[in-house]
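Chain by chain, the residues:
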Amino acid sequence: MLSTSRTTRPGPDGTGGRIAVAVHAPDPILREGVRGQLRRYPEVDLREDGDPAPGIVVLLVDDVLDETALTRLRRLVRTEGVRAVLVVRSLRESELLEVIGCGVGAVVWRHEATAPRLLQAVRAAARGDGDLPADLLGRLINQVGTLHRTAADGSRAGAAPGLTQREVDVLRLVAEGFDTAEIAAKLSYSERTVKNVMHGLTTRLRLRNRAHAVAHALREGYI
């Protein structure tokens, strides 16, 4: 799901398995502080940050997303294959689409980074879902909407080529922050059908997660 800061159910995928998590931070005190918050949860399997493995959830904690941090983020997600949670004080407008396009599905503001909030983001990242603050999601939608309105081909009516109507319907609800169960109920689908729809379009379009799918859909005028 692409959610705002709402409560999530235990476990990354309903199996109760532990989530491998590493923490990257610019100084050891900050790093150990975040690790200490996560250490209280038995489902979190804390790893060292020197050797990221594909599928591991990495929390990148910093004040701002400067060029050094962005380069590290790209390397971790695109080359190492990790699932990233970005914890920052702020993001500039110009960084929003780049962060989502890079494959980051979960963002937490530093001032909201309590232990339960971090765990929520870790769970979402482990599932391949999105978890964005409500204000950031609104800014993302506004920014992409502006880009779309100024595009050379103008606005598109209905479903754009390349997406089925079912995919468009699911993506619209994902963009509004509904989780899989809620989307299934609203569309009278099974949860498995919703998951299959999302898996099919992210695989076909080579998108990294649901947040990336929403950004793509907004940018291309699908929703």
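Here's what I pulled together on the structure shown here. Each chain carries its own residue numbering, running from 1 in the direction its sequence is written. Local features in this predicted model are restricted to residues of pLDDT 70 or higher, and side-chain atom pairs are both shown and tallied only at a pLDDT of 80 or more, whereas totals for entire chains, interfaces and linings draw on every residue. By convention in this description, side-chain values take in all heavy atoms of the structure and omit both hydrogens and water.

**Thoughts on the nonpolar core**
Note the threshold: Only buried residues count toward a nonpolar core. Its members are Ala, Val, Leu, Ile, Met, Phe, Trp, Tyr and Cys residues joined through side-chain atoms within 4.5 Å. With a 1.4 Å probe rolled over the protein chains alone, any residue whose accessible area is under 20% of its type maximum counts as buried; one over 50% counts as exposed, and the rest are partly exposed. Under the DSSP-based scheme used, a helix requires at least four consecutive residues in state H or I and a strand at least two consecutive residues in state E, with every element numbered from the N terminus. Residues count as neighbours in contact if any of their non-hydrogen atoms are within 4.5 Å of one another.
Core analysis: the largest hydrophobic core is formed by 28 residues, its most contacted members being L65, L73, L86 and L91. Contributing elements (two or more residues each) for this core: strand 2 (19-24), strand 4 (57-61), helix 2 (67-79), strand 5 (83-88), helix 3 (93-102), strand 6 (106-109), helix 5 (134-149) and helix 9 (210-220). The dominant element in this core, judged by the number of residues it contributes, is helix 2, at five residues. Sequence-distant contacts of L65, that is, excluding residues within four places in its chain, are made with L70, L73, L86, L91, R92, E95 and V99. With 24 residues, the next largest nonpolar core counts V21, V87, V108 and L119 among its residues.

**Here's the deal with the pattern of salt bridges**
It is possible for side chains of opposite charge to pair when their charged atoms get near one another. Put simply, the test is: When a carboxyl oxygen of Asp or Glu is within 4 Å of a side-chain nitrogen of Lys or Arg, the pair counts as a salt bridge.
For the structure shown, the criterion picks out 13 salt bridges. Between E32 and R35 there is a salt bridge whose closest N-O contact spans 3.7 Å. With E32 and R35 both in helix 1 (residues 28-39) and three residues apart, the pair spans about one turn of that helix. For E32, a relative accessible area of 37% gives the class partly exposed. Across the pair R35 and E48 runs a salt bridge whose closest N-O atoms are separated by 3.8 Å. Placement of the pair is R35 in helix 1 and E48 in the loop between strand 3 (44-46) and strand 4, with a sequence separation of 13 residues. Members of the salt-bridge network, linked through shared partners, are R31, E32, R35, R39 and E48.

**Notes on the packing of aromatic side chains**
Just so we agree on the cut-off: Any pair of Phe, Tyr and Trp rings, taking the six-membered ring for Trp, is counted once the centres come within 6.5 Å. Such a pair is stacked with planes under 30 degrees apart, edge-to-face with planes over 60 apart, and tilted for the rest. Here, a charge over a ring is recorded when the distance from Lys NZ or Arg CZ to the ring centre is within 6 Å and its angle to the ring normal is within 35 degrees.
By the definition in use, this model includes zero aromatic pairs. In this arrangement the basic side chain of R166 is found over the ring face of Y189, its NZ or CZ atom lying 4.7 Å from the centre.

**A few points about helix 7 (residues 180-187)**
Spacing of three or four residues puts side chains on the same side of an α-helix, whose turn is 3.6 residues. To be explicit about the condition: Directions drawn from the helix axis to the C-beta atoms are what define this arc. We define a polar contact as two N or O atoms separated by no more than 3.5 Å, with the added condition that, inside protein, one atom must be a possible hydrogen donor and the other a possible acceptor, whereas residues neighbouring each other in sequence contribute only through side-chain atom pairs.
Here helix 7 has its buried residues at T180, I183 and A184. Buried residues of helix 7, viewed axially, fall in a sector of 100 degrees; they line one side. Seen from the open side of helix 7, the exposed residues pointing more than 90 degrees away from its buried face are A185 and K186. Structurally, helix 7 contributes buried residues whose contacts are with helix 6 (165-175), helix 8 (191-204) and helix 9. Its side-chain oxygen 3.2 Å from the backbone nitrogen of A181, D179 forms the N-cap of helix 7.

**Some points on empty space enclosed by the protein**
Applicable threshold: Cavities and pockets were defined on a 1 Å grid built from protein atoms only: a cavity is a group of points that admits a 1.4 Å probe but offers it no way out, a pocket is an open group of points flanked by protein on both sides within 12 Å along at least five of seven lines, and a lining residue is one with an atom within 4 Å of any such point. Grid points are joined across faces, edges and corners, and a volume is the space filled by probe spheres set on the points. Asp, Glu, Lys and Arg are counted as charged, while Ala, Val, Leu, Ile, Met, Phe, Trp, Tyr, Cys and Pro are counted as nonpolar; the rest, among them Gly, fall into the polar class.
In total, this model carries two cavities of 30 Å³ or more according to the counting rule given. Lining the second largest cavity are L60, V61, D62, L65, A69, R72 and L86. In the lining of the second largest cavity, the residues fall into five nonpolar, no polar and two charged.

**Digging into the environment of A121**
Take A121: it is sitting in helix 4 (residues 115-127). In sequence terms A121 and L59 are 62 residues apart; their C-alpha atoms lie 9.3 Å from each other. Leave out the neighbours within four places in its chain, and A121 touches V85, A106, V108 and D131.

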